[in-house]
Amino acid sequence: MKRVFSGIQPTGNLHLGNYLGAIRNWVRMQDEAECIFSVVDLHAITVAQDPATLRRGIREMVAALIAAGLDPERCILFPQSRVRVHAELAWVLMCTARVGWLNRMTQFKEKSGKDREGASVGLYTYPVLQAADILAYRATHVPVGEDQKQHLELARDIAIKFNNDFGPSFGGELFPPPEPVIEGPATRVMSLRDGSAKMSKSDPSDQSRINLTDDADTIAAKIKRAKTDPEALPSEPAGLAGRAEATNLVNLMAALTDRSIAQVLADHGGQGFGAFKPALADVMVAKLAPITARFNALKDDASAIEAICARGADRARAIAEPVLADVHRAVGFTA
Ligand code: TYM
């Protein structure tokens, strides 16, 4: 059976990288499999958060996901902290994961930066909690952007080691090793200011990203100011080699209009950015405006959002609690 799990942190706005790299695939998968999506607030506190801002961020992320097309009737949508299994299973899996495995995680190195000694222990063990998120539901498929690939390999390694350690005495495989789903022409959307950095919620420059809450004028202005080179667009993909910023904008056009890179270049090759950028801004606005409108209509309806979170968490618990009970039996806590 195919079961899908994925998560997003409730810090900052949903941006175009999240949407094209992951959320769009979540929306599509709702019709193909049982889907479970979580706003991962336990992950958010691995770095300092202001409680009031976090509270609002969780509510707004739930609203943004629904605005982007998640349907709480067709998927399970909930904030991670409401289902205690995530934290409890993470502890058990921390005893399966090896220090050497975590030491290889590039995201910890990037996020802890020069002050590794001052980073929280939670930031270091973050990928084990991520594995617990997935394995608590015995999820088989995990739709994410390219940047999560290494964490998913770790989740697979943890699943396999846990199965090897406890499967024989338990009498069967505890966890199916989950598979990443990294699909589409925009699995790594780059910053509009720097083609070598990914578009990110934590980039201090708001000019670097398109937020799903940006209005048409803001989007047009950000695209107009996006960094490019002076050359015209090539007619073939090979001509994009070494042109990171141009590649990023062409990828965005392809993803937003459901065309391949080759098709976009067949249509726009020879154009300079003076012509291509307004065309890109137009398709972006057309795609995002309905999402923004739905988000604005829902974001302040605290009771509707609360009802969705409560019901999603109940449904998530109903799947995850029996899995944790199996884990407790497998390791020897219960008979
Ligand atoms: P997060 O909150 O950073 O991002 C959410 C999703 O958006 C994708 N993404 C991007 N895709 C393309 N281009 C970009 N510039 C870009 N930026 C972000 C991410 O790959 C992700 O799919 N650790 C995860 C959250 C998480 C999770 C999980 C994911 C917690 N538990 C279990 C999958 C399964 C994270 O911080 O995503």
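Bear in mind the structure is a predicted one, so any value in this text is a computation, not a measurement. Per-chain numbering applies: the sequence of each chain, read as written, is numbered from 1 onward. The model is predicted, so local features are restricted to residues of pLDDT at least 70 and side-chain atom pairs to those at 80 or more, both for listing and for counting; the totals for chains, interfaces and linings are taken over all residues. The basis for every side-chain value is the complete set of non-hydrogen atoms in the structure, without hydrogens or water.

## Side note on the state of the cysteines
Then comes step 1: Sulfur atoms of two cysteines make up a disulfide when they are within 2.5 Å. With the rule as written, the count across this model stands at zero disulfides.
Then comes step 2: The closest cysteine sulfur to the non-disulfide-bonded Cys 75 is located on Cys 35, 6.8 Å from its own sulfur.
Then comes step 3: For the unlinked cysteine Cys 309, the closest cysteine sulfur is that of Cys 75, found at 12 Å.

## Topic: the layout of surface pockets
Then comes step 1: Two kinds of site are reported from a 1 Å grid over the protein atoms alone, namely cavities, where a 1.4 Å probe fits but cannot get out, and pockets, open sets with protein on both sides within 12 Å along at least five of seven lines, and residues are called lining when an atom falls within 4 Å of a point. Grid points are joined across faces, edges and corners, and a volume is the space filled by probe spheres set on the points. The space that makes up the largest pocket amounts to roughly 1,200 Å³.
Then comes step 2: Looking at the largest pocket, it is lined by 46 residues, and the ones nearest its centre are Gln 9, Gln 107, Asp 147, Gln 148 and Lys 198.
Then comes step 3: When residues of the lining of the largest pocket are traced back to their parent elements, those giving at least two are strand E1 (3-8), helix H1 (16-29), helix H2 (41-44), helix H6 (106-112), helix H7 (121-135), strand E4 (141-143) and helix H8 (149-170).
Then comes step 4: Top contributing element to the lining of the largest pocket by residue count: H1, with six residues.
Then comes step 5: Three residue categories are used. Nonpolar comprises Ala, Val, Leu, Ile, Met, Phe, Trp, Tyr, Cys and Pro, charged comprises Asp, Glu, Lys and Arg, and polar comprises the others, including Gly. For the lining of the largest pocket, a count of residues per class yields 16 nonpolar, 22 polar and eight charged.
Then comes step 6: Lining the second largest pocket are 19 residues; nearest its centre among them are Thr 11, Gly 12, Asn 13, Gly 57 and Glu 60.
Then comes step 7: Among the secondary structure elements, those contributing two or more residues to the lining of the second largest pocket are helix H3 (51-67) and helix H12 (273-298).
Then comes step 8: To qualify as a helix, a DSSP run of H or I must reach at least 4 residues; to qualify as a strand, a run of E must reach at least 2; elements of each kind are numbered from the N terminus. The element contributing the most residues to the lining of the second largest pocket is H3, with eight residues.
Then comes step 9: Looking at the lining of the second largest pocket, its residues break down into nine nonpolar, eight polar and two charged.
Then comes step 10: What fixes the domain bounds is an automatic or database domain assignment. Here the lining of the second largest pocket gathers at least three residues from each of two domains, domain 1 (3-188 + 301-331) and domain 2 (206-296).

## Regarding the environment of Ala 320
Then comes step 1: With respect to the secondary-structure elements, Ala 320 resides in helix H13 (residues 302-331).
Then comes step 2: On a C-alpha basis, the gap between Ala 320 and Ala 136 in space is 5.1 Å, while along the polypeptide they are 184 residues apart.
Then comes step 3: Here, two residues are considered to be in contact whenever any of their heavy atoms come within 4.5 Å of each other. Discounting residues that sit within four places of it in the chain, Ala 320 has contacts with Val 83, Val 85, Ala 136 and Tyr 137.

## What to know about the site of the ligand
Then comes step 1: What makes a residue near a molecule or strand is one non-hydrogen atom of that residue sitting within 4 Å of it. Residues in close proximity to the ligand total 27 residues, the closest being Tyr 126, Asp 133, Gly 145, Asp 147 and Val 189.
Then comes step 2: Two N or O atoms form a polar contact when they lie within 3.5 Å of each other; inside protein one atom must be a possible hydrogen donor and the other a possible acceptor, and for residues adjacent in sequence the pair counts only when both atoms belong to side chains. Residue Tyr 126 places a side-chain N or O atom 2.6 Å away from a nitrogen atom belonging to the ligand.
Then comes step 3: A distance of 3.1 Å separates an oxygen atom of the ligand from a polar side-chain atom of Lys 201.
Then comes step 4: Residue-level accessible areas treat just the shown protein chains as cover; the underlying method is Shrake-Rupley with a 1.4 Å probe. Contact with the protein chains hides 96% of the accessible area of the ligand, taken as 710 Å² for the molecule alone.
Then comes step 5: Those molecules having more than half of their atoms within 2 Å of a cavity or pocket grid point set are described as sitting in that cavity or pocket. A majority-of-atoms criterion places the ligand in the largest pocket.
Then comes step 6: Among the elements of the structure, E1, H1 and H7 are those that each provide at least two residues to the shell around the ligand.
Then comes step 7: Partitioning the shell around the ligand into residue classes produces eleven nonpolar, twelve polar and four charged.

## Considerations on the packing of aromatic side chains
Then comes step 1: Ring pairs are drawn from Phe, Tyr and Trp, using the six-membered ring of Trp, whenever the two centres fall within 6.5 Å, and their geometry is named by plane angle: stacked under 30 degrees, edge-to-face over 60, tilted for the rest. Per the counting criterion, the structure on display carries seven aromatic pairs.
Then comes step 2: When the centroid spacing of 5.2 Å and the interplanar angle of 75° are considered together, the rings of Phe 108 and Tyr 124 count as edge-to-face. One end of the pair, Phe 108, is in helix H6; the other, Tyr 124, is in helix H7, and 16 residues separate them in sequence.
Then comes step 3: When the ring of Phe 162 is compared with that of Phe 166, the centres are 4.8 Å apart and the planes differ by 50°; the resulting orientation is tilted. One end of the pair, Phe 162, and the other, Phe 166, are both in helix H8, four residues apart, so they sit about a helical turn from each other.
Then comes step 4: Residue classification places Phe 162 among the buried residues on the basis of a relative accessible area of 0%.
Then comes step 5: Feature note: the residues Phe 5, Phe 78 and Tyr 137 constitute an aromatic cluster, connected by ring pairs. For each residue, the accessible area found with a 1.4 Å probe, counting protein chains only, is set against the maximum for its type, and the residue is called buried under 20%, exposed over 50%, and partly exposed in between.

## Side note on the environment of Val 323
Then comes step 1: Note that Val 323 resides in helix H13.
Then comes step 2: You can call Val 323 buried: its relative accessible area is 4%.
Then comes step 3: If near-sequence neighbours (up to four positions away) are discounted, Val 323 is found in contact with Leu 135, Ala 136, Arg 138 and Phe 175.

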